[in-house]
Amino acid sequence: MTQAAAQIDLAVERLRAGRLVAFPTETVYGLGADAHNVAALAEVFRAKGRPPNHPLIVHLARDADLSAWTTDLPPLAVRLIERFWPGPLTLILKRAPSVPAEVAGGQDTIGLRCPDHPLALALLAAFNASAPARQRGIAGPSANRFGHVSPTTAAHVAAEFPGEDIYILDGGACLVGIESTILDVSRLDGPAARPVLLRPGGIAAELLAEVIGELPGRAGVVAGQPRVSGSLAAHYAPRTPMTLLDGAHLSGMPVDDRVAVWSFSLAPRGKLWRVAPAEASAYARQLYARLRELDQLGASHILIERPPSGPDWAALHDRLGRAETGSGF
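Structural notes, computed from the coordinates. Quick caveat, the model's predicted, so the values are computed rather than measured.

About the cut-offs
- Residues numbered from 1 in each chain as written.
- Predicted model: local features only at pLDDT ≥ 70, side-chain atom pairs only at ≥ 80, totals over all residues.
- Heavy atoms only, no water.
- Helix = DSSP H or I, 4+ residues; strand = E, 2+ residues; numbered from the N terminus.
- Rg over C-alpha atoms; globule rule 2.2 N^0.38 Å.
- Areas by Shrake-Rupley, 256 points an atom, 1.4 Å probe, with all protein chains shown as cover.
- Pairing = 2+ DSSP bridges.
- Axes fitted to C-alpha atoms, helices over the stretch in contact; angles between N-to-C directions.
- Contact = heavy atoms within 4.5 Å.
- Buried < 20%, exposed > 50% of the residue type's maximum accessible area, 1.4 Å probe, protein only.
- Arc of directions from axis to C-beta.
- Polar contact = N/O pair within 3.5 Å; in protein donor to acceptor, adjacent residues only side chain to side chain.
- Phe/Tyr/Trp six-rings, centres within 6.5 Å; stacked < 30°, edge-to-face > 60°.
- Core = buried A, V, L, I, M, F, W, Y, C linked by side-chain atoms within 4.5 Å.

## Brief notes about the overall build of the protein chain
Now for step 1: Check the secondary structure of the protein chain and you find 9 helices and 15 strands.
Now for step 2: Computed over its C-alpha atoms, the radius of gyration of the protein chain comes to 20 Å, within 12% of the 20 Å expected for a compact globule of 329 residues.
Now for step 3: For the protein chain, the spread of C-alpha atoms along the three principal axes comes to 65 × 50 × 35 Å.
Now for step 4: Accessible surface, the protein chain: about 13,500 Å² in total, of which carbon and sulfur atoms supply 54%.

Shown next, in the form of structure tokens:
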């Protein structure tokens with residue numbers, strides 16, 4: 001048996017025993033528990049300090065039987081799955097009665113996705129195969145304390161949970177680096193109904209439109225939309241106060257060695273100055289690791305140059321705005 005196979009076997013054993021396993025995905029590391037084990041789900045909420053009405057996303061194997069998780073799988077959802085799974089797309093669907101309400105924050109909907117990471121897929125397949133009479137999934141919110149910067153390496157997870165009984169599967173640095181796109185397809189039965197983008201993420205709205213036929217609706221426009229992860233105004237935040245600035249404003253500011261900076265084209269000024277990549281996917285891969293680094297420099301403040309506009313940067317503007325709002329606490 002290879003070392004990786006032995007680690008997966010141990011992780012499956014822990015999940016079946018109701019214990020926690022941190023695992024890599026292409027987006028961020030997840031803090032995993034058996035999605036049907038209510039006691040294990042309570043441990044996820046406790047470890048993260050997460051309010052119990054905040055739903056968890058359930059990660060599924062490639063060949064998962066979705067009828068075990070949802071009472072309604074619209075044809076559009078099937079087309080989206082065929083195009084984007086495995087990948088960074090979470091679909092909000094009607095929750096099957098057999099799925100615990102606790103994993104959905106008490107709602108009648110459930111967030112489902114199939115991650116695009118070889119170690120995550122191997123773990124999900126092994127966990128599902130461990131009990132063939134029952135469909136299994138792993139509830140996996142980001143493996144960090146509630147509201148803090150998300151983890152994109154195993155070392156980030158270890159730093160977040162010192163002293164916790166969490167087995168960490170190390171799959172290297174995450175290739176996407178920001179959380180999945182969340183699309184609500186649970187309410188498509190009205191003539192004017194269409195999918196609603198509840199959280200921008202690793203798949204841009206314009207790519208979704210190629211399958212939907214139009215851009216998805218915007219969150220907050222229709223009343224009664226499901227609660228989802230990462231939708232609070234303050235989230236993904238460093239403890240050091242952080243401010244977003246336009247490049248022109250930043251270039252004219254005096255910056256000393258007490259201020260940490262992440263900028264694009266501006267020449268570095270000071271030992272706490274870092275240069276950001278100009279390409280959106282590279283920026284996303286670095287974002288959380290850089291926020292963690294800047295947060296640990298002992299600076300009095302973090303200044304970040306605002307990224308360009310455009311579809312490729314939409315999710316990054318979302319994360320940075322929430323990080324700015326939640327910073328300094």
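## Observations regarding the sheet that holds strand 13 (residues 259–263)
Now for step 1: Read across the sheet, 4 strands follow the order 12-15-13-14 without closing on themselves; strand pairing throughout is parallel. One side of each edge strand has no neighbouring strand; the edge strands of this open sheet are strand 12 (242–245) and strand 14 (273–275). Between one strand and the next, the sheet's axes are offset by a mean angle of 15°, whatever the strand orientation.
Now for step 2: Where strand 12 lies against strand 15 (residues 301–305), 4 bridges are found, and the strand directions are parallel. Residue Leu244 lies in a different strand from strand 15, and its bridge partner there is Ile304.
Now for step 3: Running over the sheet, helix 8 (residues 280–295) touches strand 12, strand 13, strand 14 and strand 15 and is turned about 175° from strand 13.

## Some details on helix 6 (residues 205–212)
Now for step 1: If you check which residues of helix 6 are buried, you get Ala205, Leu208, Ala209, Val211 and Ile212. The buried residues of helix 6 occupy an angular sector of 160° when projected down its axis, which confines them to one face.
Now for step 2: Taken together, the buried residues of helix 6 touch helix 3 (75–84), strand 5 (89–95), strand 9 (181–184) and strand 10 (196–199).
Now for step 3: Of the residues flanking the end of helix 6, it is Gly213, one or two places downstream, whose phi is positive at about 100°.

## Digging into helix 2 (residues 38–48)
Since there are 3.6 residues in each turn of an α-helix, residues three or four apart along the chain are aligned in direction.
Now for step 1: Those residues of helix 2 lying buried are Ala40, Leu41, Val44, Phe45, Ala47 and Lys48.
Now for step 2: At its buried positions, helix 2 is contacted by strand 1 (20–23), strand 2 (30–34) and strand 7 (138–139).
Now for step 3: Two to three positions downstream of the cap, the backbone nitrogen of Ala39 sits 3.1 Å from a side-chain oxygen, assigning the N-cap of helix 2 to Asn37.
Now for step 4: Among the residues trailing helix 2, Gly49 stands out with phi positive, at a value near 70°.

## Considering the packing of aromatic side chains
Now for step 1: All told, the structure shown has 5 aromatic pairs when counted by the stated rule.
Now for step 2: Consider the rings of Trp262 and Tyr283, whose centres lie 4.3 Å apart with planes at 25°: the pair is stacked. In this pair, Trp262 sits in strand 13 while Tyr283 sits in helix 8, placing the two residues 21 residues apart along the sequence.
Now for step 3: Taking the relative accessible area as the measure of exposure, Trp262 reaches 0% and is therefore buried.
Now for step 4: Judged by centre distance (5.3 Å) and plane angle (70°), the rings of Tyr283 and Trp313 are edge-to-face. Of the two residues, Tyr283 sits in helix 8 while Trp313 sits in the loop between strand 15 and helix 9 (314–326), which places them 30 residues apart along the sequence.

## Some remarks on the nonpolar core
Now for step 1: Formed by 49 residues in total, the largest nonpolar core has its most connected members in Leu80, Leu89, Leu91, Val103, Leu112 and Leu208.
Now for step 2: Contributions of two or more residues to this core are made by strand 1, strand 2, helix 2, helix 3, strand 5, strand 6 (109–113), helix 5 (154–160) and helix 6.
Now for step 3: If sequence neighbours within four positions are ignored, Leu89 has contacts with Leu80, Phe84, Leu112, Arg113, Ser180, Thr181, Leu183, Ile203 and Leu208.
Now for step 4: Judged by nonpolar contacts, the second largest core, of 26 residues, contains Ile178, Ala260, Ile304 and Ala323.

## Structural notes on unusual backbone geometry
Now for step 1: That bond from Trp85 to Pro86 is cis: its omega, -10°, falls within 30 degrees of zero.
Now for step 2: Within the element layout of this structure, Pro86 appears in the loop between helix 3 and strand 5.
Now for step 3: Of note in the backbone geometry, Tyr236 takes a positive phi value of approximately 55° without being a glycine.
Now for step 4: Take Tyr236: it is sitting in the loop between strand 11 (217–218) and strand 12.
Now for step 5: Judged by its relative accessible area of 2%, Tyr236 falls in the buried class.

## Re the side chain of Ser327
Now for step 1: Position of Ser327 among the secondary structure elements: in the segment after helix 9.
Now for step 2: Taking the relative accessible area as the measure of exposure, Ser327 reaches 8% and is therefore buried.
Now for step 3: Within the structure, the side chain of Ser327 is placed 3.0 Å from the backbone oxygen of Glu324, a separation counted as a polar contact.
Now for step 4: In this view, Ser327 contacts Ala237, Pro238, Arg239, Thr240, Pro241 and Met242; residues no more than four positions away in its chain are not counted.

Everything listed here is a matter of coordinates, which is why it stays silent on function.
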